[in-house]
Amino acid sequence: MKEKEIARYKVKQYKGKGPKLKTKREIEAYYWSGVFVFFMGVLLIFKPAFDYTLIKNLNGLLFCLLISIYFLFSKKEFEISNFIYLPVIFFTYVLISCFYAPFEFEAAKNLENYLLYFLIFIISSNLEIDKKIFYIWIGAGIIASITGICQFYGERHYAVSTFGNPNFFSGHIIMVLCLSFSNILNWKLYEKEKYSGLFKLLDISCLIFGLWALGVAQSRAALMAFVIGLSSVWYIHNIENRSEIKYAVIFLIIFILAIFFPKIILWYKTNIRSYIWKGTWRMILRKPVFGWGFGNFIFFYPYFRVREYFLQPESTPITNHPHNEYLEIWSEMGIIGLLIFLIFVFSFIVGAIKNKGSKIFFSGIIGGIISVLCDNIFSTNLRNPSTSMYFWFLIGITSKYTKVKKIDFKFSKYLWYIIFSVSLIFSIFYSYYRIYPQIYYKNGIGAKDLGDYEEAIENYLIVCKLNPYNYECWYKLAYAYGMVGNYKKAEEIYLHINENLFPHYAKTDANLGTVYLKVGEIEKAFKYYKEAEFFNPYDEDILCSIASIYLVYYNNIEKAVEYLQRVLKINPDNIYANRTISLLKKEGKIRR
């Protein structure tokens, strides 16, 4: 560290019995603790929780907390990029869109992540660019990659590493791979430095194990994004080279994409994403300017979903995201929000490229950003903090390459105090309100899987008390009550979900129909089954239930057969439909 920067560590002795003088080493401890927590936190999981990756969000908050302490003790002056107004406008618009979101509790939940991203952006935009930071991240990436490789060649053959999902892992590791490739291109610049041999070993190991892990994770979106990110690294590294060499990799990528273009089109047409995107586009067309409100995609998408989606083997009752970040931003915050986001990100990239400063790590940083932006054409990784936190870290670091001005410490210290306070309060809140309930949620699911529904109910009740807006847990609680025969309680909770939390969530309508059928309230059962049919006209169980009501209670054989034939078109081997039609033919009630 430079001598001028070391001088900043001098701190006045407190009078009386106050704390002792902070030495340079003590102050630096906050810095390296924050950096280590943030990047080695990539490997951290919390197994007692159902979503064991939520602990990574806490790492991001601890990073902001520790670095803000370091900035206070080192009397760091706040550095502002000329483009600072763009992220401020973007995050402000995110906040505004929360206020017009109909389901405010979900908007608030998503806003928590964006508050974290904004804190990380501010902190990283004031960090000194140090290769040790990146090599700690690269080291963590190597361990994460080896973990994923071992998982793939283990019993499950499923490479999730420490991210809970192969796509989440892939979306993260492509940033690290771009950094390592950039470092290799710049080896000559620090060849004589101490530990240069170790750094080379880490870069080579990262590329070997990272690419291996990316391959076994089988994320086509991430592979495509990595190739584009790699070409971006090469181009930016050679941008001042007047020869055509800087275009070599780009031409190669275009050539490869041209060869595989027919397969890419076929993949798109046969991939379930095409159905999701069609429904999302319908949703966008209804409110194209301002959108449906931040974090509210999940609530309104079912009304616009292409129903043939449910004929695909990968379909699920709930679609959380459209698997395209840009469509999701547009659907929630309108074209205004999407344009603000794109202008913000690309202004930072272009502004940094135009700056003529030292750019040893620059190509890797920009390549990482571009790879994530490309990956999110087909993925949800910018909605997942395990990728998004580090994406915003890179965006913040990029601002160091733009023109910046400093604010005197007598004003800057108040910003560091605010970040410290918010990080501390938010860490406590997040630990109690988000992570702690996940322990009981996992216990409840475990008990349910073992058939112990009473134990499951006890755990679910604790979760719902800690977080009364957790509609997923309320849903499982209602199901558990139904399984123990407490239909009154099941009905009460399903209605609570429909009326107060998430109308038509998953199979709430169908389950209400089943509850009412069990207690003999046929009209109500029929009503909710028909409601469920509207949202999913290809659900065999729903169609069979409606057919049963027509046949047994309404004595309408014609309508019953109509529904049974619909079932057989979906699944010719459906046991109930085949048996019932055979019985009706045998009794002479329908033609053979």
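Quick caveat: nothing in here was measured; it's all calculated off a predicted structure.

(A) Examining a nonpolar patch on the surface more closely. A surface patch of nonpolar side chains, amounting to about 350 Å² of accessible area, comprises Ile96, Tyr100, Val289 and Phe290. Judged by relative accessible area, which is 48%, Phe290 ranks as partly exposed.

(B) Structural context of the packing of aromatic side chains. In the structure shown here, the tally under the stated rule is 72 aromatic pairs. Over the ring of Phe534 we find Arg307; its NZ or CZ atom is 5.0 Å from the centre of that ring.

(C) Geometry of the nonpolar core. Core analysis: the biggest nonpolar cluster contains 112 residues, and Phe90, Trp137, Ile369 and Phe393 have the highest contact counts within it. With 13 residues, the single largest contributor to this core is helix α13 (residues 325-354). Apart from residues no more than four positions distant in its own chain, Phe393 is found in contact with Phe38, Phe39, Phe63, Ile120, Ser124, Leu127, Ile133, Phe134 and Trp137.

(D) Summary view of the pattern of salt bridges. Here the structure, examined in full by the defined rule, presents 16 salt bridges. Between Lys400 and Glu79 there is a salt bridge, with its nearest N and O atoms 2.6 Å apart. Here Lys400 is found in the loop between α15 (385-398) and β2 (404-407), whereas its partner Glu79 is found in strand β1 (residues 78-81), with 321 residues between them in sequence. Glu79 matches Lys400 in its accessibility class, with the two residues each being buried. The shortest N-O distance in the salt bridge between Glu491 and Lys488 comes to 3.8 Å. Placement of both Glu491 and Lys488 in helix α19 (residues 487-501) is noted, with a separation of three residues, approximately one turn of the helix. Connected through shared salt-bridge partners, Lys76, Glu79, Glu128 and Lys400 make up one network.

(E) View of unusual backbone geometry. The phi dihedral of Ser161 is positive, around 55°, even though this residue is not glycine. Topologically, Ser161 is positioned in the loop between α6 (131-152) and α7 (166-185). One non-glycine residue, Asn555, adopts positive backbone phi at about 50°. Tracing the chain through its elements places Asn555 in the loop between α22 (540-552) and α23 (557-570).

What counts, and at which threshold
Residues numbered from 1 in each chain as written. Predicted model: local features only at pLDDT ≥ 70, side-chain atom pairs only at ≥ 80, totals over all residues. Heavy atoms only, no water. Patch = residues over 30% accessible without salt bridge, like charges linked within 9 Å, V, L, I, M, F, W, Y side chains within 5 Å. Areas by Shrake-Rupley, 256 points an atom, 1.4 Å probe, with all protein chains shown as cover. Salt bridge = Lys/Arg side-chain N within 4 Å of Asp/Glu carboxyl O. Buried < 20%, exposed > 50% of the residue type's maximum accessible area, 1.4 Å probe, protein only. Phe/Tyr/Trp six-rings, centres within 6.5 Å; stacked < 30°, edge-to-face > 60°. Lys NZ or Arg CZ within 6 Å of the ring centre and 35° of its normal. Core = buried A, V, L, I, M, F, W, Y, C linked by side-chain atoms within 4.5 Å. Helix = DSSP H or I, 4+ residues; strand = E, 2+ residues; numbered from the N terminus. Contact = heavy atoms within 4.5 Å.

By themselves, these are just geometric observations and shouldn't be taken as functional.
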